[in-house]
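Examination of the molecular architecture
Single-letter residue listing:
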Amino acid sequence: MNSIKKILGIVWLLLAPVVIYFLVSGAITHIDPAGKKDINNPVIWIIIILIFTPIAIGLMIFGWYAIKGEYDHLPEKSTEL
Amino acid sequence: MKEMANNSYFNRMNETNTIRKVITASSIGTMIEWYDFYIFGMLAKTISSQFFPEGNSTAALLSTLAIFAAGFIIRPFGALVFGRLGDLIGRKYTFLLTLVLMGGSTFLIGLVPGYKSIGIAAPLLVLLLRLIQGLAVGGEYGGAATYVAEHAPANKRGFYTSWIQTTATIGLFIALGIIMLVKLNMTDAQFNEPWGGWRYPFWISILLVGISIYIRLKMKESPLFSKLKTEGKTSSNPLKESFSHKANFKMVLLALFGAVMGQGVIWYTSQFYAQSFLENKCFIEFGQSRTILLWGIVFATPFFLFFGWLSDKIGRKWIMMAGMLLGILTYRPIFSYFLEKTDIKQWNAGMSFTPGGEVIKSDTLNIKGINNIVEKSTRTIVFADGRSYVENKSDTVIVEALNTITKPAKVTFTNVHLDQGTYWKFVGLIFFLVLYVTMVYGPIAAFLVEMFPTKIRYTSMSLPYHIGNGVFGGLVPFIGLLLTTTYSKDPLVGLWYPIGVASLCFIIGCLYLTNKIDKDVTD
C-alpha cells in the first residue's frame, strides 16, 4: 500500500501544473469583452486563477510528501504533529 | 450506595442538559448564518436589477465581485482570520462575533436604497456587506464544529457534531421556504418593487440573529480551550503552527484533497446544481421545482444525524467515501432521467392534449431601416394526466422594399408541470442526491476535529473546509457552463467536473486516510 501511495504521489505532483495549464488556456480561449456569459468575463478568470494557483501548488506539495513517504504512517497523537 | 447512584444519575443529567444547550446554541447560530448567506444567492436576480443595472460597466464589475469574490476569496480568508482568533481568544467569542457580523450585514443589505436612489453608492455598499457576509461565514463553521466536538464525549462525537452538519441544509430549507412564503403572498411586481417583498427575508434575519446571540451569550467557553488557556498552552501563532509546520500542514493537505474537496462538490451538485438544473434545463415551473427540492431535503435531513451516529460506530472514512462513490456512479443516470422525463418532444409524441387559449402579441421593430414584424404567441398545453407546459413561439417577418422574408419560427417551452407520479419520482431522486450529501457531510465535522490538536484546531480545520466547499463546490456552476459551452452536444457534460473531483478525492481518501476514530481530542 505504501508503495502505491508513493507512486501516485508522482501523479498528484504532475496533476497540479496540468490544472494550471488548463485554467490559463481556458481563460485565453474564453475571455471575450463582447461576450455576456460568465466564462467571457476576465475578472472571474483572474479570481479563479488567483485562488486555484496556490491550491494547485498545495496539490504538488501533497504529491511531494506522498513520494517522500510522509503519509505512510499518520499521526495518532498531537505529540506527533 | 444509593446516594452515589443518585449523584451519578444527576451528573449524567447535567451532562446531557449541557450538551443539549451547546448543540442548540451552536446549531441555531450556524443555521441562521447559512440562511443569511443563501438568501443573497437565491435573490440574486432581483438584487441584480435593484443594485447592479445592466449597461453600467462599474456596476457589472461590482456584481461579479459580490458573487465570486465573496465565495472564492473571502470565505477562505474569513476561515484564516477567525480561525486564528478562535485559537487565540477562544471559540465562544469568535463565533459570537461572526454571528453579529453576518446578521448585521444581512439586515443592512435589506436597508440599502437601490441604484436609482443613490447611484453607484448602492452597489458599492452591497458589495462591502456581501464581503462581510463571506468573511463571517468563513469563520462560523469551524468555531461551531469545534465548540460542539470539544464538549462531546468520544463515543458520541460524530452524532453530536452532525447536528451542526444539518444546519447548512436546514438554512437552505428555511431560506427557500421564507422566500416562497413571501412570494406567494404578493404579486411578482410587488415582490420586485424597490422596497418590495424581496427585502423581507433580509429584515427577518435581524430577529433570528437577535435570538441566537441571546442564546450564545449564555454559553461558556469550550472546556478544552479553557483548560489550555489556564495552563498557558494556547498557541501564540496558530497560522504559523498550522501551515508552516510540516507535520500539521501535511494533515491540512490530506483533509482537503482526501475528504473536503469531494464533499464540497457532492454537496453543491446535489443541492444547488440539481435545483438550477430542474429550473433552467428541465424548465420545471417555479412552484414544483422548489417543492421537489424542499421535500427531498425534508426526507433526507434526518440522515445527517444517522450517518453522524453511524460514524461513531464504524468510523468516518468509509461512510464519506461511499457517499462520494454513489455520486460518481449515479449523477449522470439521475440527471439524464430528469431530462428524459421533461423532454416535451416525447410528451407530444402519440399523446392527446388540449391546447389552451393562445395569446398573440405583435410588434414591429425597425432595424437599420428594415421593418421586422415579430409575432409572439403563447399557449398552454394540457395533457389528460395533469402534465402541462407553456409553448412560446416567435415568428419574425422581415419586410424590405421589394421582398418579404419569413424567418423560421423559434419555439421554446417553459413552465413545465409534471404529473403526480413523475413529481414524486423526482422527489425520490432528489432525496437520494441529498442522501449522498448526508453521507459525505454528516461525519465530516468529527473527522476534521479529530485530525488536529486543540490549540490550532479552529484554524487548521476551517481553511480546508472553506476551500473544499467555497472554491471546489462553488465552482460547480462556472465549470459546468465552461464545459457546456465547449462541448455543447452533451447536456450533461457539466457533471464531469463534480464527478472528476469526487473521483480524485475518492482515490486519495481511500488510499491515504485512516478510518480510526481518535478517542482523545484533548491533546
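**Details of the overall build of chain A**
When its secondary structure is counted, chain A shows 2 helices and 0 strands. The globule rule puts the C-alpha radius of gyration for 81 residues at 12 Å, and the 18 Å found for chain A is more than 25% above it. Considered along the principal axes of its C-alpha atoms, chain A spans approximately 55 × 25 × 15 Å. Burial status across chain A gives 23% buried among its 81 residues. The contacts in chain A between residues at least 6 apart in sequence include a share of 77% that link residues at least 24 apart.

**Digging into the overall build of chain B**
Secondary structure assignment for chain B yields 21 helices and 5 strands. Relative to the compact-globule value of 24 Å for 523 residues, chain B shows a C-alpha radius of gyration of 26 Å, a close match. Here the C-alpha coordinates of chain B stretch approximately 100 × 55 × 45 Å along the principal axes. A total of 523 residues make up chain B; the buried ones form 50% of that total. For chain B, contacts bridging at least 24 residues in sequence account for 82% of all contacts bridging at least 6.

**Looking at the packing of helix α14 (residues 302-314) of chain B against helix α17 (residues 420-441) of chain B**
All names here are of chain B. Between α14 and α17, whose axes approach to 8 Å, the crossing angle comes to 35°. The handedness of the crossing between α14 and α17 comes out as right-handed. Here α14 contributes Phe303, Phe304 and Phe307 to the contact with α17, which in turn contributes Leu435, Thr438, Met439 and Tyr441. Among the residues making up the contact of α14 with α17, the classes are represented as 6 nonpolar, 1 polar and no charged.

**Some remarks on the domain arrangement of chain B**
Residues and elements named next belong to chain B. For chain B, the assigned domains are domain 1 (9-234), domain 2 (246-342 + 418-523) and domain 3 (347-416). The partner domain 3 presents 7 residues to the 8 residues of domain 2 that form the contact. The residue makeup of the side of domain 2 that touches domain 3, split by class, is 4 nonpolar, 2 polar and 2 charged.

**What about the environment of Val11(A)?**
Relative to the helices and strands, Val11(A) resides in helix α1 (residues 2-30). Sequence separation between Val11(A) and Trp64(A) is 53 residues, and the spatial gap between their C-alpha atoms is 9.9 Å.

**Focus: the interface of chain B and chain A**
Contact with chain B, which involves 24 residues of that partner, is made by 28 residues of chain A. Mapped onto the side of chain B that touches chain A, the elements with two or more residues apiece are α3 (57-88), α12 (246-280), α19 (457-473), α20 (476-486) and α21 (496-512) of chain B. The greatest single-element share of the side of chain B that touches chain A, amounting to 7 residues, is contributed by α12(B). Considered class by class, the residues forming the side of chain B that touches chain A number 18 nonpolar, 4 polar and 2 charged.

**Section: the packing of α12(B) against helix α13 (residues 286-300) of chain B**
The geometry of a pair of packed helices is captured by two quantities: the angle between their axes and the separation between those axes. All names here are of chain B. As a packed pair, α12 and α13 sit with axes 9 Å apart at the nearest point and diverge in direction by 155°. Taken together, the axes of α12 and α13 lie roughly antiparallel to each other. Between α12 and α13 the crossing geometry is right-handed. For the pair α12 and α13, contact is made by Gln275, Leu278 and Glu279 and by Ser289, Ile292 and Leu293, respectively. Counted by class, the contact of α12 with α13 contains 3 nonpolar, 2 polar and 1 charged residues.

**Some thoughts on the nonpolar core**
Residues and elements named next belong to chain B. Judged by nonpolar contacts, the single largest core of 170 residues is most densely connected at Val148, Val440, Leu448 and Cys505. No other element matches the 19 residues that α12 contributes to this core. Among the domains, domain 1 (9-234) and domain 2 (246-342 + 418-523) are the pair contributing at least three residues each to this core. Among residues more than four places away in sequence, those in contact with Leu448 are Ala145, Ala255, Met461 and Tyr465.

**Details of the confidence of the model for chain B**
Summary statistics for chain B give a mean pLDDT of 88 and a share of 91% for residues scoring 70 or more. Both confidence scores are given for the complex: pTM 0.88, ipTM 0.93.

**Looking at α19(B)**
Taking 1.5 Å as the rise per residue, α19(B) with 17 residues should run 24 Å; its terminal C-alpha atoms sit 23 Å apart, in good agreement. Among the 17 residues that make up α19(B), 17 are buried, leaving the element largely enclosed by the rest of the structure.

Basis of the calculations
- Residues numbered from 1 in each chain as written.
- Chains lettered and ligands numbered in written order.
- Predicted model: local features only at pLDDT ≥ 70, side-chain atom pairs only at ≥ 80, totals over all residues.
- Helix = DSSP H or I, 4+ residues; strand = E, 2+ residues; numbered from the N terminus.
- Rg over C-alpha atoms; globule rule 2.2 N^0.38 Å.
- Buried ≥ 20, exposed ≤ 12 C-beta atoms within 10 Å, placed from the backbone.
- Contact = placed C-beta atoms within 7 Å.
- Axes fitted to C-alpha atoms, helices over the stretch in contact; angles between N-to-C directions.
- Left-handed = near helix turned anticlockwise from the far one by under 90°.
- Nonpolar A, V, L, I, M, F, W, Y, C, P; charged D, E, K, R; others polar.
- Domains from an automatic or database assignment.
- Parallel < 35°, antiparallel > 145°, perpendicular 65-115°, else oblique.
- Core = buried A, V, L, I, M, F, W, Y, C linked by C-beta atoms within 7 Å.
- pLDDT = per-residue confidence, 0-100.
- Expected span 1.5 Å × (residues − 1).

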